[in-house]
Amino acid sequence: MSNKNENRFIFLKTEVRSILNLRHQILRPNNPPKDAEFYGDNEMETFHFALHIAGEREPVCCVSYMLVPYEDGQDAYQLRGMATAEVWQGKGCGKEIVAKAQELIMQNTGITRFWCKAREEAIVFYEKQGWRVASELFNVEGVGPHKTMTFGI
Ligand SMILES: CC(C)(COP(=O)(O)OP(=O)(O)OC[C@H]1O[C@@H](n2cnc3c(N)ncnc32)[C@H](O)[C@@H]1OP(=O)(O)O)[C@@H](O)C(=O)NCCC(=O)NCCS
C-alpha cells in the first residue's frame, strides 16, 4: 500500500495555520476552533507536517512534533495532532506521514526519541508504526482514555 501511495501524496513540512482546520474537524469537532491550537505550536523547534493531494489546498493528513522531554528528563519529540481526513483513513496516509516526519526530524535534529499520548482507539495504529505502549490507561479531560507510547525510547 505504501508504494502505491508514494506518488499519490505530497509530503510537506508546513505552517500550523495550514493544518488547523483538519485538526479541528478530526480531533476537536465539538469544540470551538481555538481548541485545535496547542501549546508549543509556534515554538521554533516545533515541526508541522502535512500530506496533500496535488493541487488541493486542504491537507488530507497532518501531524506535529514538539520538543518536550520524556518523563526521564531526556530530550525527545512529542507527537501531537495526528489526524487523517475521514475519507482518507485506512489508506496509508498516517503510516506515510509518521515515517517521513520522524526520518526528517532525526536527520535535522539528531533526536531519535519520540513519545505521545495515544487515544485508546489509535494505539494499534501506532504499534504498527513501531511504537510501544509505556503506561496504563489514563483520562485526558474532554478527550477520553489514552496511553503514553514511545518510539526509540
Ligand atoms: C488513527 C489515524 C491517525 C490513523 O491514520 P490512517 O491514515 O487512517 O492510518 P493508515 O491508513 O496509514 O494505517 C496504517 C496501519 O494502521 C492501521 N490502523 C489505522 N488506524 C487504526 C486504528 N484506529 N485501529 C487499528 N489499526 C489502525 C491500518 O489498518 C494500517 O494497517 P496495515 O499497515 O496493517 O495495513 C486516523 O485513523 C485518524 O485520524 N483517526 C481519528 C483521529 C485519531 O484518533 N488520531 C490519533 C490521536 S492519538
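Residues numbered from 1 in each chain as written. Predicted model: local features only at pLDDT ≥ 70, side-chain atom pairs only at ≥ 80, totals over all residues.

Draft legend 1. Looking closely at the overall build of the protein. On a plain count of helices and strands, the protein comes out with 4 helices and 8 strands. Along the protein, helices (α) and strands (β) appear in the sequence α-β-α-β-β-β-α-β-α-β-β-β when read from the amino end. What you see for the protein is a C-alpha radius of gyration of 15 Å, in line with the 15 Å of a compact globule of 153 residues. In terms of its C-alpha atoms, the protein occupies a principal-axis envelope of roughly 45 × 35 × 30 Å. Sequence separation of 24 or more characterises 60% of the internal contacts of the protein that already satisfy a separation of 6 or more. (Helix = DSSP H or I, 4+ residues; strand = E, 2+ residues; numbered from the N terminus. Rg over C-alpha atoms; globule rule 2.2 N^0.38 Å. Contact = placed C-beta atoms within 7 Å.)

Draft legend 2. Molecular detail of the site of the ligand. Lining the immediate environment of the ligand, one finds 21 residues, of which Thr-84, Gln-89, Gly-94, Lys-95 and Val-124 sit closest. Those elements that place two or more of their residues in the shell around the ligand are helix H2 (20-27), strand S4 (77-84), helix H3 (93-109), strand S5 (114-119) and helix H4 (123-128). When grouped by side-chain class, the residues that make up the shell around the ligand number 11 nonpolar, 5 polar and 5 charged. (Near = placed C-beta within 6 Å. Nonpolar A, V, L, I, M, F, W, Y, C, P; charged D, E, K, R; others polar.)

Draft legend 3. Main features of the nonpolar core. Judged by nonpolar contacts, the single largest core of 28 residues is most densely connected at Leu-51, Cys-61, Cys-62, Val-63, Leu-79, Ile-97 and Ala-101. Among all residues touching Val-63, those that are not within four sequence positions of it are Phe-49, Leu-79, Gly-81, Met-82, Ile-97, Val-98 and Ala-101. (Core = buried A, V, L, I, M, F, W, Y, C linked by C-beta atoms within 7 Å. Buried ≥ 20, exposed ≤ 12 C-beta atoms within 10 Å, placed from the backbone.)

Draft legend 4. Here's a closer look at the pairing of strand S8 (residues 144-151). The pairing of S5 with S8 spans 6 bridges and is classified as antiparallel. Paired with Cys-116 across the strands is Met-149, a residue of S8. Pairing analysis gives 2 bridges linking strand S6 (residues 132-133) to S8, with the strands arranged antiparallel. Bridge pairing links Arg-132 to Thr-150 in S8. Inspection of the sheet shows strand S7 (residues 138-140) paired to S8 by 3 bridges, in the antiparallel sense. Paired with Asn-139 across the bridge in S8 is Pro-145. (Pairing = 2+ DSSP bridges.)

Draft legend 5. Expanded view of the environment of Leu-137. Inspection of the secondary structure puts Leu-137 in the loop between S6 and S7. For the pair formed by Leu-137 and Ala-118, sequence separation is 19 residues and the distance between their alpha carbons is 9.6 Å. Aside from chain neighbours lying at most four places away, what touches Leu-137 is Glu-120, Pro-145 and Lys-147.

Draft legend 6. Layout of H3. The terminal C-alpha atoms of H3, which comprises 17 residues, lie 24 Å apart, in line with the 24 Å expected from a rise of 1.5 Å per residue. Taken together, the buried positions of H3 are Cys-93, Gly-94, Ile-97, Val-98, Ala-101, Gln-102 and Ile-105. Buried residues of H3 fall within an arc of 135 degrees about the axis and therefore sit on the same side. For H3, the exposed residues set more than 90 degrees away from the buried face come down to Glu-103 and Gln-107. Tucked inside the fold, the buried residues of H3 contact strand S1 (9-14), strand S2 (47-53), strand S3 (61-67), S4, S5 and H4. Count one or two residues on from H3 and you reach Gly-110, which has phi positive near 80 degrees. (Expected span 1.5 Å × (residues − 1). Arc of directions from axis to C-beta.)

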